[in-house]
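Chain residues, written in single-letter form:
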Amino acid sequence: MRTKYAAGNWKMNMTFEEGQILFSEVTNMVKDEVVNPNVKVVMGVPAPYLSSFSKLINTDKVSIAAQNCYPKASGAYTGEVSVPMLKSAGVEYVIIGHSERREYFNETDQFIAEKVDAILAEGLTPIFCCGETLGQREEGIHFDFVKGQLTNSLFHLDADAVQKVVIAYEPIWAIGTGVTASSEQAQEMHKVLRDHLASKYGQEVADNISILYGGSVKAGNAPELFSQPDIDGGLVGGASLDSRGFTDIAKSF
Ligand SMILES: O=C[C@H](O)COP(=O)(O)O
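Residues numbered from 1 in each chain as written. Predicted model: local features only at pLDDT ≥ 70, side-chain atom pairs only at ≥ 80, totals over all residues.

In the annotation of an unreviewed UniProt entry, the protein is listed under the name Triosephosphate isomerase and assigned to Jiulongibacter sediminis. As stated in UniProt under Catalytic activity (unreviewed entry), the record for the protein gives "D-glyceraldehyde 3-phosphate = dihydroxyacetone phosphate". Regarding the protein, the relevant UniProt record gives this comment under Subcellular location (unreviewed entry): "Cytoplasm". (UniProt positions renumbered as here; feature names shortened; annotations may be inferred.)

Right, dumping it as structure tokens:
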């Protein structure tokens, strides 16, 4: 049985004090209310808060994630944060390849592949984001484009390693827009990606990999999305900033 995820990505939101309240509320609600033992709640918080907030976790149903990392372990890389640093701060998951980082910080598939390796080398879990633009979907090249992102950033891994990656499919046109991919559209892409993984690693390996959907997920649409056979949860942006709504998403499986 694949692990099901409600993963929040706070992005660049919340002051320390606001975040502390939100993080505590979510951990307490999840501890009391999420009863499905196969559900993992992950909160991707701003880097300066990781060490402090990881100490607020009071249940093994919750883990903390970084929103980025640098692939080198240490050295003269001013301003960057390495995976060993994140690990020492209590981080278990690292979001990488988010479309915002690809767009605003020119991150390439190759650079993201280096991050995957660095994260796995420390025993942490990458949440690898992929997804197409509206233009690519309208051109009909969306399946090949997203499959290519997986090929370029993940297919150097062996079968054992690739099963440690969580994939998040996020159509760029659905991020922060209020426009959600229909459950049929999302399921269709997730199935294409799982088949792509199966073509390289075999069906058994592909069936072990959690594939999340991201893009305007809310408590209202999560149950339908998460009921699709190849959708194993959500990577949630805006709706993860509300403790009640995010906890309800985690209860949607
Ligand atoms: O990482 C999260 C995604 O970018 C989705 O953001 P959103 O839920 O605000 O659309």
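Novice: Quick one: what's the story with the overall build of the protein, residue by residue and with numbers?
Specialist: Looking only at helices and strands, the protein has 12 helices and 8 strands in total. In terms of overall dimensions, the protein is globule-like: its C-alpha atoms have a radius of gyration of 17 Å, near the 18 Å expected for 253 residues. Structurally, the protein occupies a C-alpha span of about 45 × 45 × 35 Å along its principal axes. Restricting the contact set of the protein to residue pairs at least 6 apart, pairs at least 24 apart contribute 72%. (Helix = DSSP H or I, 4+ residues; strand = E, 2+ residues; numbered from the N terminus. Rg over C-alpha atoms; globule rule 2.2 N^0.38 Å. Contact = placed C-beta atoms within 7 Å.)

Novice: For the UniProt feature "active site" (unreviewed entry) in the protein, give the residues involved together with the corresponding values.
Specialist: Here the UniProt-annotated "active site" (unreviewed entry) positions come out as His98 and Glu170. In summary, the annotated positions, though distributed over 73 residues, converge in three dimensions, the widest C-alpha pair being only 8.4 Å. Note on His98: 28 C-beta atoms within 10 Å, which makes it buried. With respect to the secondary-structure elements, Glu170 resides in the loop between strand S6 (166-169) and helix H9 (183-201). When sequence neighbours within four positions are dropped, the list of residues in contact with Glu170 reads Ser99, Cys129, Gly131, Ile175, Gly214, Gly215 and Leu235. (Buried ≥ 20, exposed ≤ 12 C-beta atoms within 10 Å, placed from the backbone.)

Novice: Mind laying out the nonpolar core, listing which residues take part and the relevant values?
Specialist: Counting residues in each nonpolar core, the largest one holds 71 residues, and the members touching the most others are Ala65, Val94, Ile127, Phe128 and Ile167. If we ignore the near neighbours within four places in the chain, the residues touching Phe128 are Ile96, Gly97, Val116, Ser153, Leu154, Val165, Val166, Ile167 and Ala168. (Core = buried A, V, L, I, M, F, W, Y, C linked by C-beta atoms within 7 Å.)

Novice: So what's going on with the pairing of strand S2 (residues 39-44)? Which residues, and what values?
Specialist: A regular strand carries its side chains on alternate faces of the sheet. When you tally the buried positions in S2, you get 5 out of 6 residues, the bulk of the element. Relative to S2, strand S1 (residues 4-9) runs parallel, the two being bridged by 6 bridges. Bridging from a neighbouring strand, Tyr5 pairs with Lys40 of S2. You can see the chain leave S1, run along helix H1 (residues 16-33) and come back into S2, and the turn it takes is right-handed. Sheet topology note: the S2/strand S3 (residues 62-66) ladder contains 4 bridges and is parallel. Looking at the pairing, Val41 lines up with Val62 of S3. (Pairing = 2+ DSSP bridges. Right-handed = clockwise from strand over helix to strand, strands pointing away.)

Novice: How would you sum up the sheet that holds strand S7 (residues 211-214)? Please name residues and give values.
Specialist: Pairing is parallel in the closed barrel, where 8 strands are placed in the order S1-S2-S3-S4-S5-S6-S7-S8. Taking the axes of each pair of neighbouring strands and ignoring which way they run, one obtains an average angle of 25 degrees across the sheet. Those strands touched by H9 are S6 and S7, and its axis lies near 145 degrees from that of S7. (Axes fitted to C-alpha atoms, helices over the stretch in contact; angles between N-to-C directions.)

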